Amino acid sequence: SAREVDTLFNLIRDLKAKGLAILYVSHRMDEITTLCDACTVLRDGRHIETFVSMEGVAAATIVNRMVGRELAGAMVEEEHAPGAEVLELKNVFGPGLQEPVSLSVRSGEIVGIFGLIGAGRTELLKAIYMGTQGQVLIGQKLVPRAGPNKSIRNGLVLCPEDRKKEGIVPMLPVAENLNLSIRRSLAKLGIWLARKAEKANATDFVDRLRIKTASLQAPISSLSGGNQQKVILARWLSERLKVILLDEPTRGIDVGSKAEIYGIVRDLAKKGIGVLFVSSELPEVLALSDRVYVMSEGRITGSMLTKEATERSLLSLALPNGGAA
């Protein structure tokens, strides 16, 4: 939370004041510019550049050194032309929610859910995907509340917040992680594994999403967080998607992979897929979404078009009692 971050930063400043040397590793530009006196940039295991002083060094300069290319426009909002409702929730309720939730996502629309830690955002996505109380309609068709299997078969998928515990099988190779869902469709006569088709599918998505891996047989645990997230996305892109739920899709990911994932999400919207994503980063919500719902203490506290929203208005809705003491 913001309060815990402030506590950590104050502790670091106290250690610095006592004469300790501190080596601080991060890919969050606000942390680097706030805390650091000097900065060394590494990329792919190589030294790129050292800034002996942070005075006058723009965050964009550091980012460009990190990724090796310009990222201008990576966070620029793009216009969408949403279609009919592809996801509709009617009184969805479950653990961690204080009241039933009703909302909608249209075809080709990117809808953000913003809230502070403990607001119930993750719990809401799990209630949609896992099948608890209430109704979930995909393209006006009621999805049986029988768990992930029914959700996936109806074109509704989830990229979870904790990808290491819930999104990947760590000791399995990249190819098997990527093909986990599509395997049943590729299987010969629904019984025998189609190894050749699985390899072709994995190779295609590794190339298309620029997944950096030593080979298709490398353990997925050997990949960076950003590349693991791309494998999870590729798994669902192998399916016939209608709606994708993304829970903190860029958490713990370097700025280059983050920009690439933004591109993947926007491409999904252009293809008519509905996107419902959770993020605790306000700039990300404002840059990527068309509309945004705000949650606080297990309930929806407001919604608005992103072009009409500001960081202050969203944060006010996210704070308990609007931030009033």
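Everything in this summary refers to the structure shown in the same document. (Residues numbered from 1 in each chain as written. Predicted model: local features only at pLDDT ≥ 70, side-chain atom pairs only at ≥ 80, totals over all residues. Heavy atoms only, no water.)

A few words on the pairing of strand β11 (residues 291-296). Counting buried positions along β11 gives 6 out of 6 residues, so the element sits mostly inside the fold. Both faces of β11 are covered, namely the face carrying R291, Y293 and M295 and the face carrying V292, V294 and S296. Here β11 folds back onto strand β12 (residues 299-305), and the loop between the two strands holds 2 residues, one of which, E297, carries a positive phi near 50°. (Buried < 20%, exposed > 50% of the residue type's maximum accessible area, 1.4 Å probe, protein only. Helix = DSSP H or I, 4+ residues; strand = E, 2+ residues; numbered from the N terminus. Pairing = 2+ DSSP bridges.)

What follows covers the layout of surface pockets. Reported here for the second largest pocket is a volume of approximately 1200 Å³. By residue number, the principal contributor to the lining of the second largest pocket is strand β1 (residues 39-43), which donates 5 residues. By residue class, the composition of the lining of the second largest pocket is 20 nonpolar, 11 polar and 11 charged. (1 Å grid on protein atoms, 1.4 Å probe; cavity = no way out; pocket = protein on both sides within 12 Å on 5 of 7 lines; lining within 4 Å. Points joined across faces, edges and corners; volume = space filled by probe spheres on them. Nonpolar A, V, L, I, M, F, W, Y, C, P; charged D, E, K, R; others polar.)

With that settled, consider the sheet that holds strand β7 (residues 141-142). The sheet built from 4 strands is open, its strands ordered β4-β3-β6-β7 with antiparallel pairing. Bordering the open sheet on either side are β4 (101-106) and β7, each of which pairs with just one other strand. Note that strand β3 (residues 85-93) and strand β6 (residues 133-138) share 5 bridges and pair antiparallel. Considered in β6, the bridge of F93 is made with Q133.

Here we take up empty space enclosed by the protein. By the definition in use, this model includes 1 cavity of 30 Å³ or more. The space that makes up the largest cavity amounts to roughly 30 Å³. Lining the largest cavity we find T122, L125, K126, L158, P160, E161, E166 and D247. Of the residues forming the lining of the largest cavity, the biggest block, 3 residues, is contributed by helix α4 (residues 121-130). Tallied by class, the residues present in the lining of the largest cavity amount to 3 nonpolar, 1 polar and 4 charged.

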